[in-house]
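The lines below spell out each chain.
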Amino acid sequence: MRQRPSFIRAGGQAKRRLDTECMRYDTTVLIVAAGRGVRAGGSVPKQFARLGGIPVIARAFDAFGDIPVFVVTAEDQQEDLFKALGNRKPAGVIVGGATRRESVANGLTAIKMAGGAHKVLVHDAARPFVPARVIKELLYQLDTYGGAIPVMPVADTLVRHDVTLGETVSRDHLFRVQTPQAFVFDILVAAHHAWPADAEATDDAQMVRDTGHAVTIVTGDAMLDKITHPGDVARVEAMLATRMISRSASGFDVHKLELDEELWLGGIRIEHTHGLSGHSDADVALHAITDAVLGTICAGDIGFHFPPSDPKWRGAASHQFLSHAASLIAARGAIIDFVDLTLICETPKIAPHQESMRIRIADILEIPISSVSVKATTTERLGFTGRGEGIAAQAIVTARVPEGM
């Protein structure tokens, strides 16, 4: 008897689906992240290792854009998973099984309980970079086939070996299989139910094929190669670097100081007689950094994404704006390398709060604290900041972005 999967946590939209079980997704993603990653070495499982400061699982999650993502994890890894995902909201998180096949089966059951789907992409968390082209081609093939998988040709010579070197094996019609693998949801569910409980499958495509449904192939990508062995993280980092260019962008913001307002600067609350006035919490520091981050990927400014005319952002915490900008950076495969913030004011004194600001900004952006600089200056009592009427902030962000973006 198959057991229902155990839900750890689900996003708000997913919870409504779980409660009503009446809405069917068009396409969902199931990321399998329940492995221990022992072959990759390192102090943490490979799905939680960092690439350019961002966890592998987070990069895999971001690659699917707006497609709802379900994640399968080990029961004792849930805390690590949520920490690695940061502000990313999975549609559901499910406890995995003893094998990859069981983990996928648990995930499929969870998606079915959430309303089901027409198409599903099953992906290994240890493949952090998924080109949009591959996703598009896989989903297109599902209009004709029950499944589609990305593959790469075998480039090396293949031989048989016993005690000594044997005959060469022809590479014709041989390919390396990657993920994500795409399937018509109901076909994959049926294939899992039909598969013998005491047998293991190499992948889901094998199971679908054995039920009589055709599985086609699309051209994969070297960026989809799996992180498996020691040194793979360094290899992927090096590969990533060859496809990146460096960009810097600036941001600037000003807000008025008013009596009896809360003062938020750099993501922390500072006790002061006056606070900054604005539509949100008016954190000039985070606003300036947000604009700089958006500038590195030519994504407009903070007002475009969070218009002050929208009442939903009245009094909003500005860390939401910066987190959104960071998620756009990650979704485009970019990496924030450095943030330099300068606050311009007479009061309050910034020095006692600099380290707390650095820590908070690094936490929001999911980058090392060593990549965040916070400075302060005055205008020698000239202008509105010199008269204590407001605070200004300017920021410069340097990021690596995919070449051609």
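Here is a short report on the structure shown in this document.

Considerations on the environment of P153
Now for step 1: Along the chain, P153 falls in strand β8 (residues 147–153).
Now for step 2: It is 4.6 Å that separates the C-alpha atoms of P153 and F175, two residues lying 22 residues apart in sequence.

As for the packing of helix α9 (residues 284–296) against helix α11 (residues 319–331)
Now for step 1: One way to put it is that α9 packs onto α11 with a least axis distance of 9 Å and a crossing angle of 15°. In terms of their interaxial angle, α9 and α11 are classed as roughly parallel. Regarding α9 and α11, the two cross each other, and that crossing is left-handed. For the pair formed by α9 and α11, the contact residues are L286, H287, I289, T290, V293, L294 and T296 on the first element and H319, F321, L322, A325, A326, L328 and I329 on the second.
Now for step 2: Broken down by class, the residue content of the contact of α9 with α11 amounts to 10 nonpolar, four polar and no charged.

A few points about the packing of helix α4 (residues 100–113) against helix α6 (residues 185–194)
Now for step 1: For the pair α4 and α6, interaxial distance at closest approach is 10 Å and the crossing angle is 135°. Relative to α6, the element α4 is oriented oblique. The element α4 and its partner α6 pack so that their crossing is left-handed. For the pair α4 and α6, contact is made by R101, V104, A105, L108, I111 and K112 and by F185, L188, V189 and H192, respectively.
Now for step 2: Taken together, the residues of the contact of α4 with α6 sort by class into seven nonpolar, one polar and two charged.

Description of the nonpolar core
Now for step 1: Residues L265, I289, V293, L341, L343 and L365 are the most contacted members of the largest nonpolar core, which totals 42 residues.
Now for step 2: Broken down by secondary-structure element, the contributors of at least two residues to this core are β15 (263–265), β16 (268–270), α9, α11, β18 (335–344), α12 (354–365), β19 (372–377) and β20 (390–402).
Now for step 3: At eight residues, α9 tops the list of elements feeding residues into this core.
Now for step 4: Other than its neighbours up to four places away in sequence, L365 contacts I289, V293, L322, A326, I336 and V339.
Now for step 5: One finds F48, I57, A63 and L142 within the second-largest nonpolar core, a separate group that totals 29 residues.

Quick look at the pairing of strand β10 (residues 165–169)
Now for step 1: Taking burial as the measure, the five residues of β10 include zero buried ones, a minor fraction of the element.
Now for step 2: For strand β9 (residues 158–161) and β10, the ladder comprises three bridges, and the chain directions are antiparallel. The residue bridging V159 from the neighbouring strand is T168, located in β10.

Side note on unusual backbone geometry
Now for step 1: Here T179 and P180 are connected by a cis peptide whose omega angle stands at 15°.
Now for step 2: Take P180: it is sitting in the loop between β11 (175–177) and β12 (181–184).
Now for step 3: That bond from T347 to P348 is cis: its omega, 0°, falls within 30 degrees of zero.
Now for step 4: The residue P348 is located in the loop between β18 and α12 in this model.
Now for step 5: Positive phi is not limited to glycine here, since E366 has a value of about 60°.
Now for step 6: Relative to the elements of secondary structure, E366 occurs in the loop between α12 and β19.

Observations regarding α12
Now for step 1: The end-to-end C-alpha distance of α12 is 17 Å, a good match for the 16 Å that 12 residues give at a rise of 1.5 Å each.
Now for step 2: Along α12, the residues classified as buried are M357, R358, I361, A362, I364 and L365. Each buried residue of α12 sits inside an arc of 160° when the element is viewed along its axis, so together they form one side. The exposed set on the far side of α12, more than 90 degrees from its buried face, consists of I359 and D363.
Now for step 3: On the buried face of α12, the contacting elements are β15, β16, α9, α11, β18 and β19.

Calculation rules
Residues numbered from 1 in each chain as written. Predicted model: local features only at pLDDT ≥ 70, side-chain atom pairs only at ≥ 80, totals over all residues. Heavy atoms only, no water. Helix = DSSP H or I, 4+ residues; strand = E, 2+ residues; numbered from the N terminus. Axes fitted to C-alpha atoms, helices over the stretch in contact; angles between N-to-C directions. Parallel < 35°, antiparallel > 145°, perpendicular 65-115°, else oblique. Left-handed = near helix turned anticlockwise from the far one by under 90°. Contact = heavy atoms within 4.5 Å. Nonpolar A, V, L, I, M, F, W, Y, C, P; charged D, E, K, R; others polar. Core = buried A, V, L, I, M, F, W, Y, C linked by side-chain atoms within 4.5 Å. Buried < 20%, exposed > 50% of the residue type's maximum accessible area, 1.4 Å probe, protein only. Pairing = 2+ DSSP bridges. Expected span 1.5 Å × (residues − 1). Arc of directions from axis to C-beta.

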